[in-house]
Amino acid sequence: MPPPPPPEAPPRPDITEIERQALSCTRCPLSQGRTQVVWADGNLDSDILFIGEAPGFHEDKQGKPFVGAAGQLLDKLLGEVGLDRTQVAIVNVLKCRPPGNRDPQPNEIESCRPFLEAQLDHMRPRVIITLGNFATRFMIEQPIGITKARGQKFKFRDACVIPTFHPAAALRGGRFGGMSPIDAIRQDLQLARRVIDEAPPKPEKSEPDPTEPEETESEQLGLF
Ligand code: URA
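The rules behind these values
- Residues numbered from 1 in each chain as written.
- Predicted model: local features only at pLDDT ≥ 70, side-chain atom pairs only at ≥ 80, totals over all residues.
- Helix = DSSP H or I, 4+ residues; strand = E, 2+ residues; numbered from the N terminus.
- Buried ≥ 20, exposed ≤ 12 C-beta atoms within 10 Å, placed from the backbone.
- Near = placed C-beta within 6 Å.
- Nonpolar A, V, L, I, M, F, W, Y, C, P; charged D, E, K, R; others polar.
- Pairing = 2+ DSSP bridges.
- Contact = placed C-beta atoms within 7 Å.
- Axes fitted to C-alpha atoms, helices over the stretch in contact; angles between N-to-C directions.
- Core = buried A, V, L, I, M, F, W, Y, C linked by C-beta atoms within 7 Å.
- pLDDT = per-residue confidence, 0-100.
- Expected span 1.5 Å × (residues − 1).
- Arc of directions from axis to C-beta.
- Parallel < 35°, antiparallel > 145°, perpendicular 65-115°, else oblique.
- Left-handed = near helix turned anticlockwise from the far one by under 90°.

(A) View of unusual backbone geometry. If you check the backbone angles, Asn101 has positive phi at about 60° while not being a glycine. With respect to the element layout, Asn101 can be found in the loop between strand E3 (89-92) and helix H5 (106-123). Judged by C-beta crowding, with 13 C-beta atoms within 10 Å, Asn101 ranks as partly exposed. In this structure, Glu141 takes a positive phi of about 50° despite not being glycine. Inspection of the secondary structure puts Glu141 in the loop between helix H6 (133-140) and helix H7 (146-149). Judged by the 10 C-beta atoms lying within 10 Å of it, Glu141 falls in the exposed class.

(B) Just the site of the ligand, in detail. The ligand sits among Gly52, Glu53, Ala54, Pro55, Gly56, Glu59, Pro65, Phe66, Gly68, Ala70, Gly71 and Asn92. Of the residues that constitute the shell around the ligand, the class distribution is five nonpolar, five polar and two charged.

(C) The sheet that holds strand E2 (residues 48-52), seen in detail. Sheet architecture is open: six strands sit in the order E1-E3-E2-E4-E6-E5, paired in mixed fashion. Only two strands of the sheet have a single neighbouring strand rather than two, namely strand E1 (41-42) and strand E5 (154-156). In the sheet, E2 pairs with E3 via four bridges, with the strands oriented parallel. Bridging across to E3, Ile51 finds its partner in Val91. Against the sheet, H6 contacts E2, strand E4 (127-131), E5 and strand E6 (159-164), and its axis sits at roughly 135° relative to E4.

(D) Main features of the pairing of E3. On E3, burial covers both faces: Ala89 and Val91 on one face and Ile90 and Asn92 on the other are all buried. Where E1 lies against E3, two bridges are found, and the strand directions are antiparallel. Paired with Asp41 across the two strands is Ile90, which belongs to E3.

(E) Just the nonpolar core, in detail. Judged by nonpolar contacts, the single largest core of 51 residues is most densely connected at Leu49, Ile51, Val93, Val127 and Ile128. Element by element, the count of residues in this core is highest for H5, at six residues. Discounting residues that sit within four places of it in the chain, Ile51 has contacts with Val91, Asn92, Val93, Ile128, Thr130, Leu131, Ala135 and Met139.

(F) Here's a closer look at the pairing of E4. Burial within E4 is extensive, with five of its five residues counted as buried. Taking every second residue as pointing to the same face, both faces of E4 are buried, with Val127, Ile129 and Leu131 on one and Ile128 and Thr130 on the other. Pairing of E2 with E4, which is carried by four bridges, proceeds in the parallel orientation. From the neighbouring strand, Phe50 faces E4, where its bridge partner is Ile129. As paired strands, E4 and E6 are joined by five bridges and run parallel to one another. Following the sheet pairing, Ile129 is matched in E6 by Ile162.

(G) Local environment of the confidence of the model for the chain. When pLDDT is averaged along the chain, the result is 90, and 88% of the positions lie at 70 or above. Contacts of residues 207-224 to residues separated by more than four positions or lying in other chains number six contacts, the stretch itself having pLDDT below 50.

(H) Focus on helix H9 (residues 181-198). For H9, built from 18 residues, the straight-helix expectation of 26 Å at 1.5 Å per residue is met to within 8% by its first-to-last C-alpha distance of 26 Å. Listed in full, the buried residues belonging to H9 are Pro181, Ala184, Ile185, Asp188, Leu189, Ala192 and Ile196. Projection of H9 onto a plane perpendicular to its axis shows the buried side chains occupying an angular sector of 135°, all on one side. Projecting away from the buried face of H9 at angles above 90 degrees are the exposed residues Gln190, Arg194, Asp197 and Glu198. Those residues of H9 that are buried lie in contact with E2, helix H4 (69-80), E4, E6 and helix H8 (167-172).

(I) Representation of the packing of helix H1 (residues 15-23) against H5. Across the interface, H1 lies against H5 with an axial gap of 10 Å and an inter-helix angle of 165°. With respect to H5, the axis of H1 lies roughly antiparallel. You can see that H1 and H5 cross each other, and the crossing is left-handed. Between H1 and H5, the contacting residues are Ile15, Ile18 and Ala22 on the first element and Phe115, Ala118 and His122 on the second. Of the residues belonging to the contact of H1 with H5, the class tally is five nonpolar, one polar and no charged.

In structure tokens, the structure reads:
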């Protein structure tokens, strides 16, 4: 018997409208303590999605993910593989800061789930890099720790999911399986880069607008 056809990708949501809803969300108690909702940074139309855990102090103040020390390290490591924030999207599992940066609670993850799902449905990324335990468990739906998941590739629809350490773990140092977290992240970003560079051209993400001039092939195949 031939294998069943792959499940159809869900329709692309109106991401501007979903963002508008997120910015005034009161679905969970984190809304009461936040300064602002941290929706995303970078390019939600790119092929590479980084998923972190939740905003921290600086992110809550500035309304942007990964702007503190962990974010600066992430920027540096992105630069080492020739990428910057305009070529990737960066989001979190939770869009609001948990008090004292404690771990996300299951009810908070479930309340916030539709927002990350909408970001995934909109982007249809080729590569998803999950930073740490919470993003990894969200994407692969297994109660697995990052030390175990790291070094494996998983599939989410058409995307390759690459779990890696959270940059905050790299800032703390230590060694896991003979490697420092920072070197592990470096290796995983190189893998992400290879997956992107070797990917076949992708069909258009949405129906072409007949009123727009047609894009040339080289524009469509632009790296990101
Ligand atoms: N840690 C995260 O997981 N996300 C951020 O945005 C900042 C720090």
